[in-house]
Amino acid sequence: EKIFSGFTKTRQNLAVIDELLLYWNLAETDRVLDELEEALLVSDFGPRISMKIVESLRGDILAGKLKSGNEIKDALKKSVLELLNIKGRKTELQLGFRKPAVIMVVGVNGGGKTTSLGKLARRLKNEGVKILMAAGDTFRAAASEQLEVWAERTGSEIVTAEGEKVKAASVLSQAVKKGKEQGYDVVLCDTSGRLHTNYSLMEELIACKKAVAKVVPGAPNEILLVLDGTTGLNMLPQAREFNEVVGITGLILTKLDGSARGGCVVSVVDELGIPVKFVGVGEGVDDLQPFDAEAFVNAIFS
Ligand code: GDP
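- Looking at an unreviewed UniProt entry, the protein chain carries the name SRP54-type proteins GTP-binding domain-containing protein, with the source organism given as Dioscorea zingiberensis.
- Recorded in UniProt under Subcellular location (unreviewed entry), the annotation for the protein chain is "Membrane".
- The record in UniProt for the protein chain states the following under Sequence similarities (unreviewed entry): "Belongs to the GTP-binding SRP family."

## A word on the overall build of the protein chain
Now for step 1: Counting its secondary structure elements, the protein chain contains eleven helices and eight strands.
Now for step 2: Over its C-alpha atoms the protein chain spans a radius of gyration of 21 Å, differing by no more than 12% from the 19 Å that the globule rule assigns to 302 residues.
Now for step 3: Here the protein chain holds 302 residues, and the buried ones make up 54% of them.
Now for step 4: Excluding contacts between residues fewer than 6 apart, the proportion of contacts in the protein chain whose partners are at least 24 apart in sequence is 77%.
Now for step 5: Of the roughly 13,600 Å² of accessible surface on the protein chain, 50% is carried by carbon and sulfur atoms.
Now for step 6: Averaging the coordinates of the 38 positive side-chain charges in the protein chain and doing the same for the 41 negative ones gives two points 6 Å apart.

## Structural notes on the pairing of strand S7 (residues 276-280)
Now for step 1: Buried residues dominate S7, accounting for five of its five residues.
Now for step 2: Judged from the three bridges that link them, strand S6 (residues 250-254) and S7 form a sheet pairing that is parallel. Residue pairing in the sheet places Leu253 in a bridge with Val279 of S7.
Now for step 3: As a crossover connection, the stretch from S6 through helix H10 (residues 262-272) into S7 is right-handed.
Now for step 4: Both S7 and strand S8 (residues 288-290) contribute to a ladder of three bridges, which runs antiparallel. Residue pairing across strands places Val279 opposite Gln289, the latter belonging to S8.

## Focus: H10
Now for step 1: Here H10 lies mainly inside the structure; nine of its eleven residues are buried.
Now for step 2: Listed as buried for H10 are Gly262, Gly263, Cys264, Val265, Val266, Ser267, Val268, Val269 and Leu272.
Now for step 3: Of the residues trailing H10, Gly273 is marked for its positive phi of about 65°.

## Side note on the packing of aromatic side chains
Aromatic ring pairs: the centre-centre distance and the angle between the two ring planes describe each pair.
Now for step 1: By the definition in use, this model includes two aromatic pairs.
Now for step 2: A ring pair is formed by Phe7 and Phe296, whose centres lie 5.6 Å apart and whose planes are at 75°; its orientation type is edge-to-face. Linking Phe7 in the segment before helix H1 (8-22) with Phe296 in helix H11 (residues 293-300), this pair joins segments that are 289 residues apart in sequence. We note that Phe7, like Phe296, is buried.
Now for step 3: A ring pair is formed by Phe291 and Phe296, whose centres lie 5.7 Å apart and whose planes are at 55°; its orientation type is tilted. Comparing Phe291 with Phe296 shows no difference in burial state: the two are buried.
Now for step 4: Taken together, the ring pairs connect Phe7, Phe291 and Phe296 into an aromatic cluster.
Now for step 5: Across the ring face of Trp150, the terminal group of Arg153 is positioned such that the distance to the ring centre comes to 4.3 Å.

Conventions we followed
Residues numbered from 1 in each chain as written. Predicted model: local features only at pLDDT ≥ 70, side-chain atom pairs only at ≥ 80, totals over all residues. Heavy atoms only, no water. UniProt positions renumbered as here; feature names shortened; annotations may be inferred. Helix = DSSP H or I, 4+ residues; strand = E, 2+ residues; numbered from the N terminus. Rg over C-alpha atoms; globule rule 2.2 N^0.38 Å. Buried < 20%, exposed > 50% of the residue type's maximum accessible area, 1.4 Å probe, protein only. Contact = heavy atoms within 4.5 Å. Areas by Shrake-Rupley, 256 points an atom, 1.4 Å probe, with all protein chains shown as cover. Lys, Arg positive; Asp, Glu negative; His and termini not counted. Charge placed at Lys NZ, Arg CZ, Asp CG, Glu CD. Pairing = 2+ DSSP bridges. Right-handed = clockwise from strand over helix to strand, strands pointing away. Phe/Tyr/Trp six-rings, centres within 6.5 Å; stacked < 30°, edge-to-face > 60°. Lys NZ or Arg CZ within 6 Å of the ring centre and 35° of its normal.

As structure tokens, this is what we get:
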């Protein structure tokens, strides 16, 4: 599958584990687990998770629950899968029952927000969902035009700012009103992504949330944080800030077709306690896929 073709580096790093486990015997447990931990670390699982996984394996080995290299490998895969499955949080979009449902994408510039929104439009349209786009990045000059290209590509209607200095919240509010009046199922809202250290962006996002909730109670139904998968663990502080300020309901990890390190997917999910809903695996209109944790684990530990 194309979905995880980009993790060649991760696969290589983790392949060491197979060799280690092939020759595993009880007397060599410490050495083998040290090297296993190293393999997880170089794959960007981060120190905390790598240690957690290794210590749980050690406990099970010493308790006699794992008796062969194969059993250890299976336990390793199972513990990674458990880290990815967050209790009580669904990976499918939760769109509620009121129309229109509102989905906002947020994240720093260059992460793949606009592209992901375009791809999401295509996915939803393929499912027969009537969608409206809203160009809420009123800050970056080209952002609106870029979204218009995606609207054309996917045959979607779009609401853009009329005139200069129009506030993002007012564009989104206008779009959701139109969505409500004209019977759209989903309004897809783009937002600005200028530097996350710029406090006014966070204020703007809060204003956007309030503006759409005024039109449809309970909206936005989803606030998806778009993260560039190739930035590794560096994405964590920025993700935390977005989550604290606006409350993220799901993640879109982009550029997993590139040089993304598999372990950081696990770290981000575990650190934030937010599920990955979609992954971006290319620049094309069909390159957004629902996240399948089991397929992901099988791909990186293949
Ligand atoms: P934004 O500033 O967050 O809206 O980011 P854009 O949507 O403009 O994307 C920034 C760049 O990343 C563009 O060149 C996109 O084509 C590219 N991009 C976005 N998603 C993916 C992906 O999943 N894979 C690859 N290879 N490139 C992507």
